[in-house]
Structures are given as structure tokens and as C-alpha cells.
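Listed below, chain by chain, are the residues.
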Amino acid sequence: MMRPAMTLALALAATPLFAQEWFQHRFGELRAYHGDWLVVCAEDGAGPCRAVQSAPDPGSDAIFDTRAALHRIDGTPDWVLEIMDRGMDSAALTAVRIVIDGERIDIPPGGWRIGELTVENVAETIVISDAAINADLVARMRAGNRMQVQYDPPGTGDGLAAYSLRGITAATNAINARVLARQE
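If you're wondering where the values come from, they're calculated on a predicted model, not measured in any experiment.

Some thoughts on the environment of proline 77
Mapping proline 77 onto the fold places it in the loop between strand S5 (66–72) and strand S6 (79–85). C-alpha separation for the pair proline 77 and alanine 135, spaced 58 residues apart in sequence, amounts to 9.2 Å.

See below:
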């Protein structure tokens, strides 16, 4: 006979951590929250998907001052990490580091580019452009708790963007399931 505590533990283990139901957004996107991450699938869920986390700086009246977006590349198993930090002079960057739970990953020159995934030369934004680095980062993010993006020179900010990784595994699982369902 199963104990009530064991039954509850098994039920919780079967549910993705922090997952919430999908909902239709007024912008025509299918969305779901997973912990500190929002999954967004364009074209009512039929288009590209990404997991996003954004936040304002303390005392800021902006909607967000930092944003991390993890994009799933359709037709491949690949992901691309995009970072926006208000005050980052992306054109002047000489160094980019990503620290996950204290472990530092240096992104070599040429391993990032200015802009968003689909639009180059977007201010205060970079994309990690190396596929092998992105694969490593996603694996580390899924296993981690906190991520910091550090960059030099700091521009008008502090050269640091910090993110929680709470819910990123559930978010990437939801995106993978969505992409697989579209391919069937």
C-alpha cells in the first residue's frame, strides 16, 4: 500500500516544475509561464518558440531593463541565447562571460554578435552565435540556479545582467514538446 506522502511525491514528479497552462495572448502568441520564465510561441503556437525572462532595474520605471531570451531554432535541436541589458554598449564589447552558479564560461571573440536573433545591430543586445557554446550553456542553465552575464566595457551600466534559472528546464521541455507536436 502506498503512503499518502509517496503518492503526493509521485504526482508532483509527473508534473513539470512550475508549469502553468498555455494561454492565447492578444498579440497572437501562445504563452505559458514556467517559474521565472515565460514561453512564447509565435503565430498562435505554430511559429518559432522562445523562453524569456525580463526585469526592471531597482528603481527603474521601465517595463524591463534586462532580458534573456532562449530561442529554439526550428528544424534543428539548436538553441540560441540572446541577452539585452540597458546601458550595454554592444558595439564596444571586448569580453563576454556567462557565470552559472559560480562557474565561468568565457565567450570568445566571434562567439557573440550585436543584435537580436532575427535583427542585427539592435542596441544593448547580443546573441551568442556559436552553436557549441549555446548547447553547453543550455545544458548548464537547465542544471543551474542563477546566471550572470558579465561584459566589458560596462557601458553606462554595471556590466552585469543577472537571471534566475528557476523554471528554465520546464520551459525548454515545453518548447521541445510544442516543436515535436508541430512536426507530427
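Some thoughts on the layout of surface pockets
Where empty space is left can be seen by rolling a probe of water-molecule size over the atoms. The space that makes up the largest pocket amounts to roughly 590 Å³. For the largest pocket, the lining is made up of 25 residues, of which Val40, Arg50, Val52, Arg67 and Ala69 are closest to its centre. Mapped by element, the contributors of at least two residues to the lining of the largest pocket are strand S2 (30–34), strand S3 (37–41), strand S4 (49–55) and S5. Across the lining of the largest pocket, the residue classes break down as 13 nonpolar, 4 polar and 8 charged.

Here we look at the state of the cysteines
Here the structure, examined in full by the defined rule, presents 1 disulfide. In this model, cysteine 41 is linked to cysteine 49 through a disulfide, with the two sulfur atoms separated by 2.1 Å. Measuring the twist about the S-S bond at about 115°, one finds the cysteine 41-cysteine 49 disulfide to be right-handed. Cysteine 49 shares its class with cysteine 41; the two are buried.

A word on the sheet that holds strand S9 (residues 112–114)
By definition, the strands of a sheet pair up through backbone hydrogen bonds, in either a parallel or an antiparallel sense. Within the open sheet, the 8 strands sit side by side as S1-S2-S3-S4-S5-S6-S10-S9. Their pairing is antiparallel. The strands lining the two open edges of the sheet, one partner per strand, are strand S1 (23–24) and S9. Examined bridge by bridge, S4 and S5 share 6 bridges and lie antiparallel to one another. Counted as the bridge partner of alanine 55 is threonine 66 from S5. Strands in contact with helix H2 (residues 131–143) are S3, S5, S6 and strand S10 (125–128); relative to S6, the strand with the most contacts, it is inclined by about 80°.

Here's the deal with the sheet that holds strand S12 (residues 160–164)
The 4 strands lie next to each other as S8-S7-S11-S12, forming an open sheet whose pairing is antiparallel. Pairing within the sheet leaves two strands with one partner each, and these edge strands are strand S8 (103–107) and S12. The sheet shows a mean angle of 20° between the axes of neighbouring strands, taken without regard to direction. As defined by bridge partners, strand S11 (residues 146–152) adjoins S12 across 5 bridges and the pair is classed as antiparallel. Of the residues in S12, the one forming a bridge with glutamine 150 is leucine 160. Seen against the sheet, H2 touches strand S7 (95–100), S8 and S11 and runs at an angle of roughly 160° to S8.

Thresholds applied
Along every chain, residues carry numbers that run from 1 in the direction the sequence is written. A pLDDT threshold of at least 70 governs which residues receive local features in this predicted model, and a stricter bar of 80 or more applies before side-chain atom pairs are shown or counted, although totals over entire chains, interfaces and linings include all residues. Computation of side-chain values covers all heavy atoms of the structure but excludes hydrogens and water. Under the scheme used here, helices are H or I runs from DSSP no shorter than 4 residues and strands are E runs no shorter than 2 residues, and both carry numbers assigned from the N terminus. Lining residues are defined by having an atom within 4 Å of a point belonging to a cavity or pocket. Those points lie on a 1 Å grid over the protein atoms alone, cavities being sets where a 1.4 Å probe fits but cannot get out and pockets being open sets with protein on both sides within 12 Å along at least five of seven lines. Grid points are joined across faces, edges and corners, and a volume is the space filled by probe spheres set on the points. Polarity classes work like this: nonpolar for Ala, Val, Leu, Ile, Met, Phe, Trp, Tyr, Cys and Pro, charged for Asp, Glu, Lys and Arg, and polar for all others, with Gly in that last group. Two cysteine sulfurs form a disulfide in these notes if their separation is within 2.5 Å. The rule is simple: take the accessible area with a 1.4 Å probe, protein chains only, and divide by the maximum for that residue type; under 20% is buried, over 50% is exposed, in between is partly exposed. Any two strands with at least two DSSP bridges between them are considered paired. Contacts between residues were defined by any pair of non-hydrogen atoms, one from each residue, lying within 4.5 Å. Note on definitions: angles span 0 to 180 degrees between N-to-C directions of axes, and those axes are lines fitted to C-alpha atoms, for helices only across the stretch in contact.

Interpretation note: all reported values are geometric properties and have no functional meaning in isolation.
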